[in-house]
Amino acid sequence: MKVLFSVSLCLLLASCDGGLWNDPYPAGDAGKSILYTAFLERPKHLDPAQAYSENEYDFLALIYSPPLQYHYLKRPYQLVPLAASAMPKVSYLDKRLKRLPDNVAPERIAYSVYEITIKPDMQYQPHPAFELQYLRLKDGDLDGIHSLGDFARAGTRPVLAADYAYQIKRLVHPQLHTPIAGVMEEYIVGLKEFSATLQAAVQAHPEEFLDLNDYPLSGVEVVDDTTYRITIHGKYPQFAYWLAMPFFAPMPWEVERFYAQPGMKERNLTLDWWPIGSGPYYLSENDPNRRMVLTRNPYYSSEQYPSEGETGDTASGFLDDAGTRLPLIDSIVFSLEKETIPYWNKFLQGYYDASGISSDSFDQAVQVSVSGEANVSDAMKAQDIMLSTAVATSTMYTGFNWLDPVVGGPSERATRLRRAIAIAVDFEEFISIFANGRGISAQSPLPPGIFGHHEGCAGVNRYVYDCVQDKPKRKSIAEAKRLLAEAGYPGGVDAKTKQPLVIHFDTTATGLGNKSRLDWLRKQFDKLGIQLDVRSTDYNRFQDKIRRGDTQMFFIGWNADYPDPENFLFLLHGPQGKVKFSGENASNYSSPEFDRLFERMKNMDNTPQRQQIIDDMLEVLRRDSPWLWGFHPKSYVLQHGWLHNIKSNIMANNKLKYWRVDAEQRDKMRREWNQPERAPLWFGAAAVLLFGVWMWRVLRKREQAK
Amino acid sequence: MIAYLIRRILYAIPILIGVNLLTFALFFVVNTPDDMARMQLGVKRVTQEAIDKWKQQRGYDKPLLLNSAADGADKLTDTIFWKKSASMFVFDFGYSDDGRSIGREIAKRMGPSLTIAIPTFLVGLAVYISFALLMTLFRATVLDMAGVALCVLLMSISGLFYIIGGQFVVSKLWHLVPISGYAGGADSFKFVVLPILIGIAGGIGSSSRWYRTIFLEEIGKDYVRTARAKGLSELRVLFTHVLKNAMIPILTGVVVVIPLLFMGSLLTESFFGIPGLGSYTIDAINAQDFSVVRAMVFLGSVLYIVGLILTDISYTVVDPRVRLQ
């Protein structure tokens, strides 16, 4: 016991590093330009060819430098050069490779050539792969190596156009899974054939390192050290958006060779785990079980804080750092925080600089005014905490299975039934009850901020809403009942069979936590006398049902890859049907009229003509009502007053490089908020002592009495 | 005793094969390799071709238990079960479905799990036994009754309440330790002290009541009366004689869990952000990572068998009459 006490005392003394008792960070970090944030789930992939999730992009977008990025301040979202020195030069060619004028009709374009020139002064982060000695490791050289930091030396080299070409080849590497490989094979000239060549090469020599430099790709041409060209089939303006994703970041060939050496994988040293980029930060500490640290790339000097923004950005202070070299913070510490309660409390204590708001904490953090405007609560104001909100480029919808004989198909009966349900299911109420008002009811698949979306009466879905004072007002339930009766289900009873109408709803929402939502949904259908049969299931079974078309209604969502209407409307494109074509059209909606318009719209630039076509497409969709349009979620982010330049930007994953932190102010506030309460310790010790003395005396008395 | 131990180790082999088979069957009844692939590949733009490639790269494209297309022994060995299970018997756990070495991950995460589990176990044992002896000392008095009532109360409260309540009071209100997080070495103390205290508090009710029952049973025996007749103090009777003789039932429950300390605690590690094996297991279940799940189940089985053998050995230590043959 004495030993245990001594060890505990020693540990206690050792862990008292002069900082606050509840400070989870080393005292030596005080005053440093460090941003503290959290990640809720360990990323699965950090290889830019494989990663596709938002939590992976939180890291990769800061490590890698693709040619383009989204402007941090301007709205609507706008692409600007990142690694490229200017926006790509796009030229159009006909089938005979003859140059066409820029304003030529899309159907005449056989090929589009994107010529990209990168900035000449870019360098990679320090990495051992750039030291030649580490490309020829011998037995025993890896003894004692557990992470990249264990290598004695780390070099760098300039970023070359050839590295961008190399990464495009990696998109179809047979040993990698690139989510967009299928899409890119359709567009990039020669990529499909290149993929087949690589497959054959791997099958012929499965154990050998596959050097992509040995295989040419016809659609990608390296002009010189700083220029390369990508040739794609036809016209595809959305290709520029893909160029802003890590899929198109540079990859030095040495790194693949470095990680392919024997012993690397056994040590968890892989490109999928230890990325190498030329972006503002590099991954200096990678313990996804606890924390991951990004440190400023010492060779990154190619970017400054933007000097232009929206109207009002100057007044809001968003341009105070205009022209300053990026990034503005030296290091970013991501701590694994699986539970929302510790995350929230650490934010309130000042140990995280920014936080989202869980439903549990919403009332504590936010108060909504009578006019519906959200503001931070008085308690948050007292801590100088600020709120920023933005509508996500996402849509959460309830789909009808177009192949279902009851709710699907273009018949007037089914259409009226769907419209009746669309009126009855009150998503404004859903948002208010279950999302704390964090969302806006959708009038179509297109969220605000996406080309094609209309505000005001012009954007209202007239089949479900009336426009009152420039705002949508849901039609009455009487109107829904009328539609239902016209559909042949008066009062929710099938007029032919006299049986009540039962609709099956598939969802992954299971457990007690979701019971109230599902009860609410049943009540919406009760308004019409329709019985809702909720079939809750796990994620795999749900996906399986969607794939087989074994659903009537289901709840699902979509996060945009890029801010273009095509990336939402393709979810309803017939040839993307899930059952027939394994596409992303989960409701299997099929309308020749819509499909024809989609084909015309998808490759157009954002012109009034495109707007007109989109308007026509939305009219078709609203008329057919293949979805309950649901809602577009709103993101709420709280940040402490010591954090600057926080402007909501849903598309930019690399926004942390623009943020600035006042570390002195943070330290001061942390000290003010986190002084330890010693009194409970003294009281506790005194209570134990008194109890011990009392017990001792009682025992003594008993012994003496004996 | 050596022969006994060898026999027990040999018995363990069919048990481990059975556990493996059961884990395998349960896992693949719920999930198909296609499900696993979809889980790993994400939600968007997943094609059947990508799924087939994923399965082929990880060996999930083979038959589950019997390969009727193969010849000879390959009928059994060229299957998912064999490929994924055979190597575990030499503690080669292979790679997780996201491509990381499971053996390295286990070795790395064992430390944080033990940092909490060992002090919780040792200090907890001392506290539970002391509290039980105290109740025994004051048996049939108000203090004893209050102690039992307290134990019942503590037993009735959910473990989650201790965690959230502890974090709220100790970390949020009093600012005495960090709410969550972890650091290596001596820095770990301030992170683990609260989980340890909560772990101990959570076990007081059930353990102390159980030990009290054991002590009360012992205290009525003849040798205790003899000790008292010899004039020994009540404290000495309890701590020297009763405690020693109550060790066999205590050891039965205690020694068997020692090896399982390696496996960590699912809830505590998750709430306190401790990067241990408990959170590794729960993450693997959520991600449907069969490679990790079967490795952790196998490890748990091995450790449980080790625990049982250690329990047998410990009997011979505390009771010279017991001999293993």
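In this report, the structure presented in the accompanying data block is examined. (Residues numbered from 1 in each chain as written. Chains lettered and ligands numbered in written order. Predicted model: local features only at pLDDT ≥ 70, side-chain atom pairs only at ≥ 80, totals over all residues. Heavy atoms only, no water.)

Moving on, we come to empty space enclosed by the protein. Residue and element names in this part refer to chain A. Counted by the stated rule, this structure contains three cavities of 30 Å³ or more. There is about 70 Å³ of room inside the largest cavity. Around the largest cavity, the lining residues are Ala422, Val425, Phe427, Ser441, Ala442, Asn461, Val464, Tyr465, Arg474, Leu628, Trp629 and Gly630. The element contributing the most residues to the lining of the largest cavity is strand S23 (residues 627–640), with three residues. Among the residues making up the lining of the largest cavity, the classes are represented as eight nonpolar, three polar and one charged. The volume enclosed by the second largest cavity comes to roughly 50 Å³. (1 Å grid on protein atoms, 1.4 Å probe; cavity = no way out; pocket = protein on both sides within 12 Å on 5 of 7 lines; lining within 4 Å. Points joined across faces, edges and corners; volume = space filled by probe spheres on them. Helix = DSSP H or I, 4+ residues; strand = E, 2+ residues; numbered from the N terminus. Nonpolar A, V, L, I, M, F, W, Y, C, P; charged D, E, K, R; others polar.)

With that settled, consider the interface of chain A and chain B. Facing the 75 residues of chain A at the interface are 59 residues of chain B. Counting the surface lost from both chain A and chain B, the interface buries some 6,000 Å², and carbon and sulfur atoms represent 52% of this. The tally of links between chain A and chain B comes to five salt bridges. Where chain A packs against chain B, one counts 26 residue pairs in polar contact (both at pLDDT 80 or more). (Contact = heavy atoms within 4.5 Å. Buried area = accessible area lost by both parts, 1.4 Å probe. Salt bridge = Lys/Arg side-chain N within 4 Å of Asp/Glu carboxyl O. Polar contact = N/O pair within 3.5 Å; in protein donor to acceptor, adjacent residues only side chain to side chain.)

Here we take up a nonpolar patch on the surface. Residue and element names in this part refer to chain B. Side chains of Ile2, Ile6, Leu10, Ile13, Ile17 and Phe89 sit close together on the surface and give an oily, nonpolar patch of about 550 Å² of accessible area. Among the secondary structure elements, Leu10 is positioned in helix H1 (residues 2–30). Look at Leu10 and you get exposed, because its relative accessible area is 53%. (Patch = residues over 30% accessible without salt bridge, like charges linked within 9 Å, V, L, I, M, F, W, Y side chains within 5 Å. Areas by Shrake-Rupley, 256 points an atom, 1.4 Å probe, with all protein chains shown as cover. Buried < 20%, exposed > 50% of the residue type's maximum accessible area, 1.4 Å probe, protein only.)

A separate point is the sheet that holds strand S8 (residues 227–233) of chain A. Residue and element names in this part refer to chain A. A sheet is described by the order of its strands in space; here five strands give the open sequence S5-S4-S6-S8-S7, paired in antiparallel fashion. Looking at the sheet topology across the chains shown, the edges are occupied by strand S5 (99–100) and strand S7 (220–222). The sheet contact formed by strand S4 (residues 89–93) and strand S6 (residues 111–117) spans five bridges and is antiparallel. Looking across to S6, one finds that Tyr92 is bridged to Ser112. (Pairing = 2+ DSSP bridges.)

Residues and elements named next belong to chain A. Omega for the peptide link from Arg75 to Pro76 comes to -5 degrees, which places this bond in the cis form. Cis geometry is adopted by the peptide bond preceding Pro327, which originates at Leu326 and carries an omega value of 0 degrees. Residue placement: Pro327 occurs in the loop between strand S10 (291–296) and strand S11 (331–336). The backbone of Asn436 shows a phi angle near 50 degrees, a positive value even though the residue is not glycine. Mapped onto the fold, Asn436 is located in the loop between helix H12 (427–434) and strand S17 (439–441).

This part is about the environment of Gly513 of chain A. Position of Gly513 of chain A relative to the elements: it lies in the loop between strand S20 (502–507) and helix H14 (515–526). Using a relative accessible area of 62% as the deciding quantity, one classes Gly513 of chain A as exposed.

Take the packing of helix H6 (residues 102–137) of chain B against helix H14 (residues 277–286) of chain B next. Residue and element names in this part refer to chain B. Where H6 contacts H14, the two axes come as close as 8 Å, and the packing angle between them is 135 degrees. Compared by their axis directions, H6 and H14 come out oblique. Here Ile102, Glu105, Ile106, Arg109, Met110 and Ser113 of H6 lie close against H14, whose contacting residues are Leu277, Gly278, Ser279 and Tyr280. Its residues placed into classes, the contact of H6 with H14 shows five nonpolar, three polar and two charged. (Axes fitted to C-alpha atoms, helices over the stretch in contact; angles between N-to-C directions. Parallel < 35°, antiparallel > 145°, perpendicular 65-115°, else oblique.)

In this structure, Met184, Ile188, Ile230, Phe239, Trp242, Phe248 and Trp659 of chain A are the most contacted members of the largest nonpolar core, which totals 108 residues. With sequence-adjacent residues up to four places away left out, Trp242 of chain A is seen in contact with Tyr52, Ile180, Met184, Tyr236, Phe247, Phe248, Asp561 and Tyr562 of chain A together with Arg45 of chain B. Counting residues in each nonpolar core, the second largest holds 43 residues, with Ile129, Leu133, Ile204 and Ile214 of chain B among its members. (Core = buried A, V, L, I, M, F, W, Y, C linked by side-chain atoms within 4.5 Å.)

All names here are of chain B. For H14, the set of buried residues is Leu277, Gly278, Ser279, Tyr280, Thr281 and Ala284. In this fold, the buried residues of H14 make contact with H6, helix H13 (266–272) and helix H15 (290–318). Positive phi appears at Gln288, one or two residues downstream of H14, with a value of about 55 degrees.

What follows concerns H14 of chain A. Residue and element names in this part refer to chain A. With twelve residues, H14 ought to run about 16 Å at 1.5 Å a step, and its terminal C-alpha atoms sit 16 Å apart, in line with that. Taken as a whole, H14 has its buried residues at Leu518, Trp520, Leu521, Gln524 and Phe525. End-on view of H14: buried residues confined to an arc of 155 degrees, all on one side of the axis. For H14, exposure combined with an orientation more than 90 degrees from the buried face picks out Lys523 and Asp526. On its buried face, H14 sits against helix H11 (412–424), H12, S20, strand S21 (531–536) and strand S22 (553–559). (Expected span 1.5 Å × (residues − 1). Arc of directions from axis to C-beta.)

Bringing the packing of aromatic side chains into the picture now. For any pair of aromatic rings, the description rests on two quantities: the centre-to-centre distance and the angle between the ring planes. For the structure on display, the rule yields 49 aromatic pairs over all chains. Arranged with centres 4.4 Å apart and planes meeting at 50 degrees, the rings of Phe59 of chain A and Phe334 of chain A form a pair that is tilted. Of this pair, Phe59 of chain A sits in helix H2 (residues 54–63) while Phe334 of chain A sits in strand S11, and the two are 275 residues apart along the sequence. Taken as a pair, Phe59 of chain A and Phe334 of chain A share a single burial class, namely buried. Measuring from ring centre to ring centre gives 5.5 Å for Phe27 of chain B and Phe28 of chain B, while their planes differ by 70 degrees; the resulting arrangement is edge-to-face. Comparing Phe27 of chain B with Phe28 of chain B, the two get one shared label, buried. Members of the aromatic cluster, joined through ring pairs, are Phe24, Phe27, Phe28, Trp54, Tyr60, Phe81 and Phe290 of chain B. Sitting over the face of the ring of Tyr95 of chain B, Lys265 of chain A holds its NZ or CZ atom 4.3 Å from the ring centroid. Its guanidinium or amino end placed over the ring of Tyr636 of chain A, Arg438 of chain A lies 5.9 Å from that ring's centre, counting from NZ or CZ. (Phe/Tyr/Trp six-rings, centres within 6.5 Å; stacked < 30°, edge-to-face > 60°. Lys NZ or Arg CZ within 6 Å of the ring centre and 35° of its normal.)

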